[in-house]
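Chain by chain, the residues:
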Amino acid sequence: MKRTLHLLCFFGSFFYAQSQSYFGFRDDNYAGIQSVLFNPSSIVDSKYRADITISSVSATGQNDLYSVNFAQIFDGGYDLDADARKNFKSNNRGNFNLDILGPSFMMNINPQNSIGLFTRVRSITNVVDVNGQLIDEVNKDIDASNSFLISGGNPNGVTNSWAEIGASYGTVLLDRDEHFLKGGITIKYLMAGVNGYINGNNLSVAFTKNNANPALSQYSSTGTLRTLASYDYENNQDPEFDMTSAGIGLDLGFTYEYRTNCHTCIGNRYKLKAAVSVTDIGKLNYKNAVENTYDLTGSVTQDDIDNSDDIFNFFDTYYTKTASRKGVKANLPTALHTSFDWNIDNKFYLNLSSDFGLVDSKKINAAAIANSIAFTPRYETRQFSFYLPVTWMEYSGTQIGTGFRAGPLFIGSGSLISNLFSNNSKGANVYVGLKLPIYQNYN
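The following refers to the structure shown. (Residues numbered from 1 in each chain as written. Predicted model: local features only at pLDDT ≥ 70, side-chain atom pairs only at ≥ 80, totals over all residues. Heavy atoms only, no water.)

### Brief notes about the nonpolar core
Generally speaking, nonpolar side chains in soluble globular proteins are found buried as a group.
At step 1: Core analysis: the biggest nonpolar cluster contains 22 residues, and F148, Y219, L296, F315 and Y319 have the highest contact counts within it.
At step 2: Mapped by element, the contributors of at least two residues to this core are α5 (132-139), β7 (148-153), β9 (179-208), β10 (218-229) and α7 (311-318).
At step 3: Residues Y22, A31, V44 and M106 belong to the second largest nonpolar core, which totals 17 residues. (Core = buried A, V, L, I, M, F, W, Y, C linked by side-chain atoms within 4.5 Å. Buried < 20%, exposed > 50% of the residue type's maximum accessible area, 1.4 Å probe, protein only. Helix = DSSP H or I, 4+ residues; strand = E, 2+ residues; numbered from the N terminus.)

The structure is reproduced here in structure tokens:
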């Protein structure tokens, strides 16, 4: 398989496996600190006296170019180029999100106030407005390639990773008869990781195949391109976290409960619960990042591409740099989250939740989530919960998953059932975690 022309594909040559995570589990009343990541108000009036998370990880992603059969992938011998269904558009999109929660805890100060502290590492990659046919062509083996001329348009790709330490506080704002309202806030100290982007303008790529010597086949291009790297690639520095660059983030959330189930008990009191929050307000400041602008008028051979180890050095070597600047800011993937939870009886629930990105994914260096709406029937008890989320995901469509919580362990996926039984999967996500729950004295 020939090395893909990553530089002109704009990160689009791989299958995207984004900011959604913990589908089903995060709306569980026993989700603990994981629910605080989406709405800090959930920290107060919790089912736990204290919740200690050892670690959890969630990965979510989708695309609208490749549709695959996961059953065939697991059997082995699956070839993306030959076996995947393809949906070519001039503006194909993809998104990937990795979320790792380290040692974290939350606890009650008293019945009206709670606090929490968490450690977290995150990575998000967006690719939008990429010509899917161009990706497909440059992914082909050189022997199977044919000459082509394709407009690349105005592709935009960004990847950003960072670490954060978050401190959360929640308090009861109203507790009167059937009406209960609580609010919460999380302040996050952000440590910059690796940031990079590629943004093209009026691109076109022509491929002329050399049948006698495929290594001398040529790619000719026009247009302009802006690139950014947060590490010193010119001195062969590897991508790494930049401890000299930092930022501040903020989450805000509120939860209202209509309590008609029981006025005197302490357990499952609400009949209906509505929650809203805005997360990831803020920016990261990459002081040492370097942005370069290139005129892509020119030609390179397949051999030039195969012998290039670094995307940014490649542009420096073969194209004309027209501008350069140092220091950029990268926004966090600011998002609006809503959740509506109906307690059918003491153990069965129906939940409708949504995630909407508030950042334009076409903006340069814009980390943005993919929008989603999830409907989840849930069985919930103190020691065990079971979920069946049905989720519509931007880029990849409808997915069906499942998950469970059993004491300290929780495992799930918002797409497992779809991925096992569909031959047209465009996305996948999975999560797993381990915690030490300390329950309240009631059930």
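Next comes the rest of the account.
### Some points on the packing of aromatic side chains
At step 1: This model, assessed by the stated rule, comprises 19 aromatic pairs.
At step 2: These aromatic residues form a ring-pair network of at least three members: Y22, F25, Y387, F410 and Y431.
At step 3: One cation-aromatic arrangement involves R26 over F38; the distance from NZ or CZ to the ring centre is 4.3 Å.
At step 4: Geometry around Y349 places R378 over its ring, the cationic atom sitting 4.2 Å from the centre. (Phe/Tyr/Trp six-rings, centres within 6.5 Å; stacked < 30°, edge-to-face > 60°. Lys NZ or Arg CZ within 6 Å of the ring centre and 35° of its normal.)

### Notes on the environment of R122
At step 1: Considering the arrangement of structural elements, one finds R122 in strand β6 (residues 113-130).
At step 2: Owing to a relative accessible area of 4%, R122 belongs among the buried residues under this scheme.

### As for α5
At step 1: Most of α5 sits inside the fold, with seven of its eight residues counted as buried.
At step 2: Listed as buried for α5 are G132, L134, I135, D136, E137, V138 and N139.
At step 3: Put simply, N131 is the residue that caps the front of α5, since its side-chain oxygen is 3.0 Å from the backbone nitrogen of Q133. (Polar contact = N/O pair within 3.5 Å; in protein donor to acceptor, adjacent residues only side chain to side chain.)

### Focus on the pairing of strand β17 (residues 372-380)
At step 1: What you see with β17 is a clean split: S372, A374, T376, R378 and E380 sit on the buried side and I373, F375, P377 and Y379 on the side with no burial.
At step 2: Of the strand pairs in this sheet, strand β16 (residues 348-357) and β17 are connected by eight bridges, and their pairing is antiparallel. Its bridge partner lying in β17, F348 is registered against Y379.
At step 3: Both β17 and strand β18 (residues 384-387) contribute to a ladder of three bridges, which runs antiparallel. Bridge assignment links R378 to a residue of β18, and that residue is Y387.
At step 4: The hairpin formed by β17 and β18 contains three residues between the paired strands. (Pairing = 2+ DSSP bridges.)

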